[in-house]
Amino acid sequence: MLKLRSLKFLAMLASIGALFVLGATQTASLASKGTDAGLAITPCNGPSKVFSLDTSHSEASLVSAVEMRIAPAIAIAQLRFNPQPDEILLDQNGLLELRYSQSVMKQSEQLQVEVCGASPTQVVREAYWIMHASGQLVAQMVSADNISWTWKENGENVIPGTQLTVKEISCAGQPLVQPMQLIAQAQPICVKDPEALNKLTAQMNRAAQDQTSFFGKVSTLLFGTKKFDEQMTKLNTQMQQMYLYSPYDGTVQGITQDTLNGMNWIKLQVEESSKVSVAQ
């Protein structure tokens, strides 16, 4: 039996109204169009994440399409669909639109979008039902309770043994990130000492200027670049030590400051191994 886990939508999505009217140019923003309905029917090779949207709601008969954004960004070639949409469109901001006939939506209990070559951190950032109601085209946000996912490896449904959790990282200097930002492991997220970093940057600029000056060029011709290279390597090493690097892949949930010591705390939502086994 499939094991499904409900996705947690970002807090900012909760504040979006249940309905909003789409303008007449709703489809004009779609920058690139998918191929025909036969797109991506071959099975995924390797791990994949299957997102399921429950269509068994009272207004399913009015739905003609679904719009969703998956992050980190994906290409259409990575996607598999069930049922297969009549038309697939993807804009430059990663907003995917799947268009269906209303008869298909009436018969389907769920809509599945599979991401081939996915990572456990792949999430649905936002999703909307596109419906015809009262003679207008409207969009209704898909509730987080109606979105779930499964993990597949070698075509088999498995539980990846990971869970979403929040990690706090202390930053004694200046944060380089902002809320809602996607962060990669080993990415600089904080400057420990901005003033010292500025001084190092100035030294590197002066060294580069000296190297390209008349006397610098003469020195290079006579003695080579070894002295300059050693100086730049030393400065670069010192500069790298000025940064705090993220130990995780994740999403910045917020930044708070401790008023007592001035320390900034960066909150990251990350996937980590679950310590509790889940029964099959």
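Please refer to the structure placed before this passage.
Notes on the structure in this doc start here. Quick caveat, the model's predicted, so the values are computed rather than measured.

**Considerations on empty space enclosed by the protein**
Turning to step 1, where the next piece is worked out: Throughout the structure, instances matching the rule amount to 1 cavity of 30 Å³ or more.
Turning to step 2, where the next piece is worked out: The volume enclosed by the largest cavity comes to roughly 30 Å³.
Turning to step 3, where the next piece is worked out: Ile70, Ala73, Ile74 and Gly94 are the residues that line the largest cavity.
Turning to step 4, where the next piece is worked out: Taken together, the residues of the lining of the largest cavity break down into 3 nonpolar, 1 polar and no charged.

**Quick look at a nonpolar patch on the surface**
Turning to step 1, where the next piece is worked out: Where nonpolar side chains cluster on the molecular surface, the patch consists of Phe214, Phe215, Val218, Leu221, Leu222 and Phe223 and spans about 800 Å² of accessible area.
Turning to step 2, where the next piece is worked out: Considering the arrangement of structural elements, one finds Phe214 in helix α4 (residues 214–223).
Turning to step 3, where the next piece is worked out: Taking relative accessible area as the criterion, Phe214 reaches 60% and is therefore assigned exposed.

**Side note on the pairing of strand β11 (residues 136–141)**
Turning to step 1, where the next piece is worked out: Of the strand pairs in this sheet, strand β10 (residues 123–133) and β11 are connected by 6 bridges, and their pairing is antiparallel. By the bridge assignment for β11, Ile130 is matched with Ala139.
Turning to step 2, where the next piece is worked out: Between β10 and the antiparallel strand that follows it, β11, lie 2 residues; Ser134 among them carries a positive phi value of about 55 degrees.

**Section: the environment of Gln84**
Turning to step 1, where the next piece is worked out: Along the polypeptide, Gln84 turns up in the loop between β6 (79–82) and β7 (87–90).
Turning to step 2, where the next piece is worked out: Assessed through its relative accessible area of 24%, Gln84 is described here as partly exposed.
Turning to step 3, where the next piece is worked out: Between the alpha carbons of Gln84 and Val104 there is a distance of 9.5 Å; along the sequence they are 20 residues apart.

**Here we look at helix α5 (residues 226–240)**
Think of an α-helix as 3.6 residues a turn; residues three or four steps apart then line up on the same face.
Turning to step 1, where the next piece is worked out: Compared with the 21 Å implied by 1.5 Å per residue over 15 residues, the 21 Å span of α5 between its first and last C-alpha is a close match.
Turning to step 2, where the next piece is worked out: Every buried residue of α5 is listed here: Met232, Leu235 and Met239. The buried residues of α5 occupy an angular sector of 65 degrees when projected down its axis, which confines them to one face. In α5, the exposed residues that point more than 90 degrees away from the buried face are Lys226, Lys227 and Lys234.
Turning to step 3, where the next piece is worked out: Residues of α5 that are buried make contact with α3 (194–212) and β18 (243–245).

**Focus: the packing of aromatic side chains**
Turning to step 1, where the next piece is worked out: Going through the model one piece at a time under the given rule, you end up with 1 aromatic pair.
Turning to step 2, where the next piece is worked out: The aromatic ring of Trp149 is capped on one face by Lys49, whose charged end is 4.3 Å from the ring centroid.

**Details of the packing of α3 against α4**
Turning to step 1, where the next piece is worked out: The geometry of α3 relative to α4 is characterised by a closest axis approach of 4 Å and an angle of 70 degrees between their N-to-C directions. Classed by the angle they form, the pair α3 and α4 counts as roughly perpendicular. On the side of α3, the interface is formed by Asp210, Gln211 and Thr212, while α4 contributes Phe214, Gly216, Lys217 and Thr220.
Turning to step 2, where the next piece is worked out: Taken together, the residues of the contact of α3 with α4 break down into 1 nonpolar, 4 polar and 2 charged.

**What about the pattern of salt bridges?**
Turning to step 1, where the next piece is worked out: Under the defined criterion, the tally for this structure stands at 4 salt bridges.
Turning to step 2, where the next piece is worked out: For Arg99, the salt bridge identified is with Glu97, shortest N-O distance 3.0 Å.
Turning to step 3, where the next piece is worked out: Under the relative-accessibility criterion, Glu97 is labelled buried at 2%.
Turning to step 4, where the next piece is worked out: Residue Glu195 pairs with Lys199 through a salt bridge whose shortest N-O separation is 4.0 Å. With Glu195 and Lys199 both in helix α3, this residue pair falls 4 residues apart, about one helical turn.
Turning to step 5, where the next piece is worked out: What makes Glu195 exposed here is its relative accessible area of 55%.
Turning to step 6, where the next piece is worked out: Taking relative accessible area as the criterion, Lys199 reaches 52% and is therefore assigned exposed.
Turning to step 7, where the next piece is worked out: One salt-bridge network, in which partners are shared between bridges, spans Glu87, Glu97 and Arg99.

**A short note on the side chain of Gln122**
Turning to step 1, where the next piece is worked out: Among the structural elements, Gln122 can be located in the loop between β9 (110–116) and β10.
Turning to step 2, where the next piece is worked out: The residues contacting Gln122, other than those within four sequence positions of it, are Lys49, Phe51, Ile70, Ala71, Pro72, Ala73, Ile74 and Val115.

**Here we look at the environment of Ile76**
Turning to step 1, where the next piece is worked out: Take Ile76: it is sitting in the loop between β5 (63–71) and β6.
Turning to step 2, where the next piece is worked out: In the structure, Ile76 is positioned 39 residues away from Val115 in sequence and 9.2 Å away in space, judged by C-alpha atoms.

The rules we used
Residues numbered from 1 in each chain as written. Predicted model: local features only at pLDDT ≥ 70, side-chain atom pairs only at ≥ 80, totals over all residues. Heavy atoms only, no water. 1 Å grid on protein atoms, 1.4 Å probe; cavity = no way out; pocket = protein on both sides within 12 Å on 5 of 7 lines; lining within 4 Å. Points joined across faces, edges and corners; volume = space filled by probe spheres on them. Nonpolar A, V, L, I, M, F, W, Y, C, P; charged D, E, K, R; others polar. Patch = residues over 30% accessible without salt bridge, like charges linked within 9 Å, V, L, I, M, F, W, Y side chains within 5 Å. Areas by Shrake-Rupley, 256 points an atom, 1.4 Å probe, with all protein chains shown as cover. Salt bridge = Lys/Arg side-chain N within 4 Å of Asp/Glu carboxyl O. Helix = DSSP H or I, 4+ residues; strand = E, 2+ residues; numbered from the N terminus. Buried < 20%, exposed > 50% of the residue type's maximum accessible area, 1.4 Å probe, protein only. Pairing = 2+ DSSP bridges. Expected span 1.5 Å × (residues − 1). Arc of directions from axis to C-beta. Contact = heavy atoms within 4.5 Å. Phe/Tyr/Trp six-rings, centres within 6.5 Å; stacked < 30°, edge-to-face > 60°. Lys NZ or Arg CZ within 6 Å of the ring centre and 35° of its normal. Axes fitted to C-alpha atoms, helices over the stretch in contact; angles between N-to-C directions. Parallel < 35°, antiparallel > 145°, perpendicular 65-115°, else oblique.

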